[in-house]
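Survey of secondary and tertiary structure
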Amino acid sequence: EKLLVCLTPFYRGVIVILVIIPKASIVIFLGIFGLTWLTATESFSDLILNSLALAFVVDIDELIFEAFLPEVLKENLSTFKISCQEEEDPDRANRKIIAGYARSWRAFVICLGVVVIWLQFQWVVPGYLWDVRGACEKCKANNVHSLCWPW
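Residues numbered from 1 in each chain as written. Predicted model: local features only at pLDDT ≥ 70, side-chain atom pairs only at ≥ 80, totals over all residues. Heavy atoms only, no water.

Glancing now at the packing of aromatic side chains. Under the defined criterion, the tally for this structure stands at 3 aromatic pairs. Ring centres 6.4 Å apart and planes at 15° place the aromatic pair F29 and F33 in the stacked group. Of this pair, F29 and F33 are both found in helix α1 (residues 9–39), 4 residues apart, which corresponds to roughly one turn of the helix. Like F29, the residue F33 is exposed in the burial classification. Each ring, one from W105 and one from F108, has its centre 5.8 Å from the other, and the planes form 90°; the classification is edge-to-face. With W105 and F108 both in helix α4 (residues 90–121), this residue pair falls 3 residues apart, about one helical turn. (Phe/Tyr/Trp six-rings, centres within 6.5 Å; stacked < 30°, edge-to-face > 60°. Helix = DSSP H or I, 4+ residues; strand = E, 2+ residues; numbered from the N terminus. Buried < 20%, exposed > 50% of the residue type's maximum accessible area, 1.4 Å probe, protein only.)

Over the atoms rolls a probe the size of a water molecule, and its path tells where empty space is left. By volume, the largest pocket amounts to about 250 Å³. Forming the boundary of the largest pocket are K23, I26, V27, L30, G31, V57, V58, D59, I60, D61 and E62. Elements with a minimum of two residues in the lining of the largest pocket: α1 and α2 (44–68). In terms of residues, the lining of the largest pocket owes the most to one element, α2, which gives 6 residues. Its residues placed into classes, the lining of the largest pocket shows 6 nonpolar, 1 polar and 4 charged. (1 Å grid on protein atoms, 1.4 Å probe; cavity = no way out; pocket = protein on both sides within 12 Å on 5 of 7 lines; lining within 4 Å. Points joined across faces, edges and corners; volume = space filled by probe spheres on them. Nonpolar A, V, L, I, M, F, W, Y, C, P; charged D, E, K, R; others polar.)

Counted by the stated rule, this structure contains 2 salt bridges. A salt bridge links K74 to E66, with the nearest nitrogen and oxygen atoms 3.6 Å apart. The class for K74 is buried, based on a relative accessible area of 11%. For K74, the salt bridge is made with E71, and the minimal N-O distance between the two is 3.1 Å. Of this pair, K74 and E71 both sit in helix α3 (residues 71–79), 3 residues apart, roughly one helical turn. One connected set of salt bridges, linked through shared partners, spans E66, E71 and K74. (Salt bridge = Lys/Arg side-chain N within 4 Å of Asp/Glu carboxyl O.)

This brings us to the packing of α1 against α2. Two elements in contact, α1 and α2, have axes whose closest approach is 10 Å; the angle formed by their N-to-C orientations is 165°. Our classification of the angle between α1 and α2 gives roughly antiparallel. Crossing hand, α1 versus α2: right-handed. Across the interface between the two elements, L30, G34, W37 and L38 from α1 touch L47, N50, S51, A53, L54, V57 and V58 from α2. In terms of residue class, the contact of α1 with α2 is made up of 8 nonpolar, 3 polar and no charged. (Axes fitted to C-alpha atoms, helices over the stretch in contact; angles between N-to-C directions. Parallel < 35°, antiparallel > 145°, perpendicular 65-115°, else oblique. Left-handed = near helix turned anticlockwise from the far one by under 90°. Contact = heavy atoms within 4.5 Å.)

With that settled, the discussion passes to the side chain of T41. For T41, the location among the structural elements is in the loop between α1 and α2. Its relative accessible area of 17% is what places T41 among the buried residues. Here the side chain of T41 touches L38 through a polar contact of 3.1 Å, landing on its backbone oxygen. Beyond its immediate chain neighbours, meaning those up to four positions away, T41 contacts D46, L47 and N50. (Polar contact = N/O pair within 3.5 Å; in protein donor to acceptor, adjacent residues only side chain to side chain.)

What follows is the structure in structure tokens.
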């Protein structure tokens with residue numbers, strides 16, 4: 001196992017500019033355009049094919065890594081770790097655990113919010129008015145509420 005303990009501010013900035021910012025940009029643009037592309041799908045079979053194509057685009061970097069890099073380099077990268085020297089403090093460890101749970105819940109709420117906002121303000125299907133409402137009104141008139149729960 002190879003361990004890197006310290007990075008100078010220059011190299012930290014280089015990593016942020018050359019790795020983190022481009023990856024974040026790709027994730028944002030791919031998320032927006034991928035959701036738009038999947039939302040515009042007209043049939044269920046096309047949705048499956050389009051989601052498979054989107055999964056291929058998302059995973060292409062890992063496929064290239066597996067196919068073209070030599071095994072020695074893959075092994076070196078898998079054993080390389082970046083570490084920070086920290087003092088052992090039990091209170092700090094507990095705070096880190098609580099912060100990890102809070103971060104996970106925030107991520108869940110943000111993802112749920114993105115889905116709800118996307119469904120409310122999507123621009124792919126103009127004039128979309130939640131087409132099930134009309135059919136659900138008939139179910140409600142016949143006292144069959146379980147089939148049309150959210151509407």
